[in-house]
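Observations on chain architecture
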Amino acid sequence: MAGRINDDDVKVVRDAVPIDTVVSEYLQLRPAGGGNMKGLCPFHDEKSPSFQVSPSKGLFHCFGCQEGGDTIAFVMKIDHLSFSETVERLAAKAGITLRYEEGGYNPIHQRGERIRLVEAHKAAADFYVEQLGGEEAAIGRKFLAERGFDQSAAEHFGVGYSPAGWDHLTRFLRGKGFSDKELLLAGLSQDGRRGPIDRFRGRLMWPIRDISGEVVGFGARKLRDDDNGPKYLNTPDTAIYKKSQVLYGVDLAKKDIAKASRAVVVEGYTDVMACHLAGITTAIATCGTAFGTDHIKILRRLLMDNGSARVIFTFDGDAAGQKAALRAFEDDQKFAAETYIAIAPDGMDPCELRLNKGDAAVQDLVEPRTPLFEFAIRQIVSRYDLETPAGRASALDEAGPIVARIKNGASQHEVAVQLAGILGILDTQFVVKRVAQMARWARDRGGRGPAGPASSSSSSPSSAASSYDSGQSPALSGPALNLRSPAHRTERELLKLALQRPELVSPAFDAYGVDEFTAPPYAAVRRAVEDAGGAEQGMASAPEYLAGVREAAPNDAVRALVTELAVEVFHGKTIDEAYAGEQLVRVRLRAVDLRIHDVTSTLARLGTGADHERHQAVQNELWVLQQYRQSLRNSGAAAL
C-alpha cells in the first residue's frame, strides 16, 4: 500500500506549479480583468466563457457549472486522477521529490494506476523511436521517405517502429519494472498462448498524445504484405486512452490553434505531418474514428468560440470523404466557429498533395474555400433533377431541414436565400418562409429545453439556504443570490474583498458578526473565514489563507462558494480603501437597520404597562442604535 504523501510536500507542489500554466494545457485563457484569466469551461458545454482562473490565488472557478478549486483539484477533475496521482504528476512536472510518511518512497509501487500507464507509454515510445534506426526498420524508413518525410520529421513527431517479434516490447518494459497486468491494462501487450505478447509488431508507430503532451496510445501502420491485420491498428480504449476524446497532433498544434483561431482537421497521421511541415501548424486528426462531439469540445476550448474562429475540414474527394463531410456537418451547430471544407484537386490528401505539388499547394488547399453548410446542401440537392418543379420541391424538402437547424436567425435567413439560388427557385421569400416553418416544427417536436427545477429563477432562497446548512449541493448558486437584493450584492462584494483583498477590510471585517450577513450561504462563508483565523490571516500569505478558509468550510457547497468568491471580479472600477469602506458601511448599516426594526417591535410589544427598567433599557438601546446609524451615514468607515 502506498504511503501518505507528506503534507508539506503537497503544499510545495501546489505552490510550485502555476495554475494558469496547468489550465492553459487544456484550454485557451484570456485576460478577464483584475489579474484573472477566463476561458471556456472544460467541464460543461458553454458558448461564452464563464470559467475563471486566478493565478495570484492559485484557484479556478466556473460560474456556469460551479466547479472550482486549486491546481490539484483541476487536474484531478479533468484527468480523472486520484489525489496522490495528481500530486505525483505535478511533482514530476516541477522536479520535486516527494516524501511518503508510511514506508518511505518507492517509485515502483507507490505510483497510481494512471501514472504507471502513462509512464509505460512513454517508455514504449522511446523504445519504438530507437528501433526505427535498426536494420529491420528499413522498410519503415522507406515508407516515410516515399512520402516526403526525412529523419528530422520522424523525430519531430516521435515516429518509431515496433519489431516484428512476439514480445520485444513486453520484455523491454518488464525490465523497466512494469508488471504484465500493467502492460495489458495499457493496451501495449495482449494475451498470448504462453503469456503476454506485443500488441504491435512489425509496424510504423505514431505516438498519440493527449492535449497536455503525454503519450496515451499509438497508431500503427501496416508495412508488409504478410501482415494480415488492418491497415491501421490503434490502441484499444483504456483507462488513459479513449479514441473519441483524443486528436492526433493537438499537443503540437494547440498553441497555434489558439493564437490563429483556426484549426485544420485532416484524416490521417501522415496528413498531419505534411500539413505541419508545409507550415500549417494548426492541423490535427482523429485517431481511427469519425470526428465527433468530444473532439468538438476539445477544439472549442482552444478556439474560445470567438467570431473569427475557423475550422477547416479536409476530406478525400471520394464517396467516403463526402460521407465524412456530411457527418461533420451534423455537428456543425455545436461550433460557434465558421466551418469550411477543403477538397484537393484530383482527390489527393494533404500528404499526396505536398509530395506532388509542394508546400505551397498544401497552404493553398486549407485556405477556406467552401462553407461546410454549402457543401452539405449541394451534396444533397445533387441527387435531384433541378430542371423540373417536382425535383426542386423534393430537394427543398430534404435540404430545408438542414438549413432549419442553424440556430442563429440571421445566418439561417442568409443560408435559406443561398438555398433558393442553388435550387433555382426564383421566389426567394417562399424558401425563407418554408425553412422558418421547418425550424418551428423542429422546435415544437423537440421541445424548448428544460425549464423549472434546473432554472435558477425557479429556485427559492430558502432551498438554497437549507442546502448550505445540510451539507448538500446548493440548488441556487451565489450569483443568483446577488440578483435578488442590493443587500446580498453588498454582502457578496464584502466577502470578495475579505478573500481577495483582506488588507483593505482588516481589522474591521473580523469584528463583523455572522448574523450581519443576511444570506445563509454568505453567512456560512463568513463563519469559515472566522474559523480560519480571520481576514487578517490573509495579509501574510494569500494562498495559505485561502486554503485555510476552504478547509474550514463545513461542506463542499460552502467550499465551492469560497472558491467562487475568491476568483470573481469586483463590480467597482477602482478597488481601494474607499471602496472597501463603502462595502463595510453598507453591510453594517443594513445590520443596524434590521436591529433597529427588531428593537422597535420589542418596544411596541412591551407597551406602557411593562416593567420600567426593562422599558428604559430597550429605549436606550434604540437610541444608541439610531445614533450609530446616523454616525455611519455621516462619517462612513470612520465610524466603524
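What counts, and where the lines are drawn
Residues numbered from 1 in each chain as written. Predicted model: local features only at pLDDT ≥ 70, side-chain atom pairs only at ≥ 80, totals over all residues. Heavy atoms only, no water. Pairing = 2+ DSSP bridges. Helix = DSSP H or I, 4+ residues; strand = E, 2+ residues; numbered from the N terminus. Axes fitted to C-alpha atoms, helices over the stretch in contact; angles between N-to-C directions. Buried < 20%, exposed > 50% of the residue type's maximum accessible area, 1.4 Å probe, protein only. Contact = heavy atoms within 4.5 Å. Phe/Tyr/Trp six-rings, centres within 6.5 Å; stacked < 30°, edge-to-face > 60°. Lys NZ or Arg CZ within 6 Å of the ring centre and 35° of its normal. Parallel < 35°, antiparallel > 145°, perpendicular 65-115°, else oblique. Nonpolar A, V, L, I, M, F, W, Y, C, P; charged D, E, K, R; others polar. Salt bridge = Lys/Arg side-chain N within 4 Å of Asp/Glu carboxyl O. pLDDT = per-residue confidence, 0-100. Core = buried A, V, L, I, M, F, W, Y, C linked by side-chain atoms within 4.5 Å.

Thoughts on the sheet that holds strand β5 (residues 68-70)
Pairing is antiparallel in the open sheet, where five strands are placed in the order β1-β2-β3-β4-β5. Every interior strand has two partners, whereas the edge strands, β1 (30-33) and β5, have only one. On average, adjacent strands in this sheet sit at an angle of 25° to one another, irrespective of strand direction. Taken together, the three bridges between strand β4 (residues 59-62) and β5 define a ladder with antiparallel strand orientation. By the bridge assignment for β5, Phe60 is matched with Gly69.

Comments concerning the pairing of strand β3 (residues 51-54)
The alternating pattern of β3 places Phe51 and Val53 on one face and Gln52 and Ser54 on the opposite face, and all of these are buried. Strand direction decides the pairing type here: β3 and β4, joined by four bridges, are antiparallel. Note on β4: the bridge partner recorded for Ser54 is Leu59. Adjacent in sequence and paired antiparallel, β3 and β4 are bridged by four residues, among which Gly58 carries a positive phi angle near 70°.

Observations concerning the pairing of strand β14 (residues 310-314)
With four of five residues buried, β14 is to be regarded as a mostly interior element. In this structure, strand β12 (residues 262-266) lies alongside β14, joined through four bridges in parallel fashion. Within β14, the residue paired with Val265 across the bridge is Phe313.

Brief notes about helix α12 (residues 293-303)
Within α12, eight of the eleven residues are buried, which leaves it mostly tucked inside the rest of the structure. All buried positions along α12 are accounted for by His295, Ile296, Ile298, Leu299, Arg300, Arg301, Leu302 and Leu303. Among the structural elements, β1, α10 (250-260), β12, β13 (283-285) and β14 are those in contact with the buried residues of α12.

Points about the packing of aromatic side chains
Ring pairs (aromatic) are described by centroid distance and by the angle formed between their planes. For the coordinates displayed, the defined rule picks out 18 aromatic pairs. When the centroid spacing of 5.5 Å and the interplanar angle of 80° are considered together, the rings of Phe60 and Phe74 count as edge-to-face. Of the two residues, Phe60 is situated in strand β4 and Phe74 in helix α3 (residues 71-79); the sequence distance between them amounts to 14 residues. Relative accessible area serves as the criterion here: at 1%, Phe60 is assigned to the buried category. A network of ring pairs unites the aromatic residues Tyr26, Phe43, Phe51, Phe60 and Phe74 as a single cluster. Directly above the ring of Phe43 sits Lys77, whose terminal nitrogen or CZ lies 5.8 Å from the centroid.

A few points about the packing of helix α4 (residues 83-94) against helix α5 (residues 113-131)
Relative to each other, α4 and α5 sit at 40°, their axes nearing to 8 Å. Accordingly, the angle class assigned to the pair α4 and α5 is oblique. Where α4 approaches α5, its residues Glu85, Glu88 and Arg89 are matched on the opposing element by Glu113, Arg114 and Ile115. Residues that form the contact of α4 with α5 fall into these classes: one nonpolar, no polar and five charged.

Things to note about the side chain of Thr270
Among the secondary structure elements, Thr270 is positioned in helix α11 (residues 269-277). Once residues within four sequence positions are removed from consideration, Thr270 is found in contact with Phe143, Phe149, Trp206 and Cys351.

Here's the deal with the sheet that holds strand β9 (residues 203-209)
Strand order in the open sheet made by the four strands is β6-β9-β10-β11, with antiparallel pairing throughout. This sheet does not close on itself; its edge strands, each paired only once, are β6 (160-162) and β11 (232-234). Sheet twist, expressed as the average angle between the axes of neighbouring strands with direction ignored, equals 35°. The sheet contact formed by strand β10 (residues 215-222) and β11 spans three bridges and is antiparallel. Each residue of the ladder has a partner; that of Ala220, found in β11, is Leu233. Docked against the sheet, helix α6 (residues 138-146) engages β9 and β10, running at close to 70° with respect to β9.

What about the pattern of salt bridges?
In total, this model carries 33 salt bridges according to the counting rule given. A salt bridge links Asp167 to Arg171, with the nearest nitrogen and oxygen atoms 3.1 Å apart. For Asp167, a relative accessible area of 24% gives the class partly exposed. Residue classification places Arg171 among the partly exposed residues on the basis of a relative accessible area of 44%. A salt bridge links Glu564 to Arg492, with the shortest nitrogen-to-oxygen separation between them at 2.6 Å. Of this pair, Glu564 sits in helix α26 (residues 556-567) while Arg492 sits in helix α22 (residues 486-500); the two residues are 72 residues apart in sequence, bridging distant segments of the chain. Look at the salt bridges and you will find they share partners, linking Arg492, Glu493, Lys496, Glu564 and Glu568 into a network.

Re the confidence of the model for the chain
The predicted model of the chain has a mean per-residue pLDDT of 84, with 87% of residues at 70 or higher. Predicted confidence for residues 104-110 stays below pLDDT 50, and this span has 14 contacts to residues more than four positions away or in other chains. Per-residue pLDDT stays below 50 along residues 447-480; that stretch engages in 43 contacts with residues further than four places along the chain or on separate chains.

Things to note about the nonpolar core
Across soluble globular proteins, nonpolar side chains show a tendency to be buried alongside one another. Leu144, Trp206, Phe218 and Tyr248 are the most contacted members of the largest nonpolar core, which totals 61 residues. Residue contributions to this core peak at eight residues, all from α5. Contact partners of Leu144, with chain neighbours within four places excluded, come to Leu132, Phe149, Ala154, Val159, Leu204 and Trp206. Core analysis: the next-biggest nonpolar cluster, separate from the first, contains 47 residues, Ile19, Ile78, Leu247 and Ile257 among them.

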